[in-house]
Amino acid sequence: MQYLLDQLEQDHHRILQMMYSLSNELNHYSNGDNCTKILNILNYIRVYPEIWHHPTEDVLFNQLLSKPSISFKAVNELLKEHPHLEALSVELSGIYQECQSLESPPSHQTLQLSRHYCAKQISHIRAERNIFDAIKQRFNESDWHTVNEQLRANANRNTANNVTAVSLSPTSNDAQ
């Protein structure tokens, strides 16, 4: 299942590129064009990493916690950061949407929060790379089987939730 770690590393590379782009946009903020670029970056971060990337890492990291000689504190801190980073993505996206709709620049506080967000994402990714090394060293076939089963269960649960949400939403036939 090395491909999972390879995919996560590719994701990290893409997210780092996005964070460097976001940082550049923040440092050169001049008008609404920057706001659109910032929103595009935040929307990417809110969709792909938060729907596939973080849940996959959560499964891997929780499996790693079952292994001996693991820094439980380091792994648990990274697990706790996922929802915090996701909430910050949502908050910043809302702020920049409001700035865009009001055609006003972000406040100094918003720019500071945005820079904090970039720094936090970058440090988070760097810390995760150490955890990936621990996974590579410690996982055996049984661990990968457990991870695969958990990812399948999560995918089935997400699919069921989406089907339920779709089936509960009113359709044009229901309105007739």
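Shown above is the structure to which this text applies.
Counting of residues starts from 1 at the beginning of each chain's written sequence and follows it residue by residue. Residue-level local features of this predicted model are given only where pLDDT is at least 70; pairs of side-chain atoms are given and counted only at 80 or more, and the full residue set underlies all totals for whole chains, interfaces and linings. Side-chain numbers here rest on the full set of heavy atoms in the structure, without hydrogens or water.

**Student:** Please provide a residue-by-residue account of helix α3 (residues 72-102), values included.
**Tutor:** Each helix is a run of H or I in the DSSP string that is no shorter than four residues. Each strand is a run of E no shorter than two, and both are numbered from the N terminus. One less than the number of residues in a helix, times 1.5 Å, gives the span that helix is expected to have. If you check α3, its first and last C-alpha atoms are 45 Å apart, about what 31 residues at 1.5 Å a residue would give, namely 45 Å. At Glu81, α3 is bent by approximately 25°, the largest bend along its length, and proline Pro83 sits one to four residues beyond. All of the buried residues in α3 are Val75, Leu78, Leu79, Glu81, His82, Leu85, Leu88, Ser89, Leu92, Ser93, Tyr96 and Cys99. Two residues or fewer after α3 comes Glu103, characterised by a positive phi angle close to 55°. To obtain the bend at a residue, axes are fitted to the seven residues ending there and to the seven starting there, and the angle between these axes is taken. Accessibility here uses a 1.4 Å probe with only protein chains present; expressed as a share of the type maximum, an area under 20% marks a residue as buried, one over 50% as exposed, and anything in between as partly exposed.

**Student:** Can you lay out the packing of aromatic side chains for me, pointing to particular residues and giving the numbers?
**Tutor:** The aromatic pairing rule takes the rings of Phe, Tyr and Trp, using the six-membered ring of Trp, and pairs them if the centres are within 6.5 Å, calling planes under 30 degrees apart stacked, those over 60 edge-to-face and the rest tilted. One pass over the structure, following the stated rule, counts 2 aromatic pairs. Relative to Phe132, the ring of Phe61 has its centre 6.3 Å away and its plane inclined at 55°; by these criteria the two rings are tilted. Pair noted here: Phe61 is in helix α2 (residues 32-64) and Phe132 is in helix α4 (residues 108-138), with a separation of 71 residues, a long-range link.

**Student:** Outline the pattern of salt bridges, supporting the account with residue identities and numerical values.
**Tutor:** Salt bridges are defined as contacts in which a side-chain nitrogen from Lys or Arg sits within 4 Å of a carboxyl oxygen from Asp or Glu. Counted according to the given criterion, the structure contains 6 salt bridges. The shortest N-O distance in the salt bridge between Lys120 and Glu81 comes to 3.4 Å. With Lys120 in helix α4 and Glu81 in helix α3, this residue pair connects regions lying 39 residues apart in the sequence. Residue classification places Lys120 among the partly exposed positions, given a relative accessible area of 24%.

**Student:** So what about empty space enclosed by the protein? Which residues, and what values?
**Tutor:** Gaps between atoms show up when a probe of the same size as a water molecule is rolled over them. Detection works on a 1 Å grid of protein atoms alone, calling trapped sets that fit a 1.4 Å probe cavities and calling open sets with protein on both sides within 12 Å along at least five of seven lines pockets, with lining residues defined by an atom within 4 Å of a point. Grid points are joined across faces, edges and corners, and a volume is the space filled by probe spheres set on the points. The full count for this structure, using the stated rule, is 1 cavity of 30 Å³ or more. What lines the largest cavity is His12, Ile15, Ile45, Pro49, His53, His54, Gln121, His124, Ile125 and Glu128. Listing elements by their share of the lining of the largest cavity, those giving two or more residues are α1 (2-27), α2 and α4. All residues other than Ala, Val, Leu, Ile, Met, Phe, Trp, Tyr, Cys, Pro, Asp, Glu, Lys and Arg, Gly among them, are scored as polar; the first ten of these are nonpolar and the last four charged. Residue classes in the lining of the largest cavity are distributed as 4 nonpolar, 5 polar and 1 charged.

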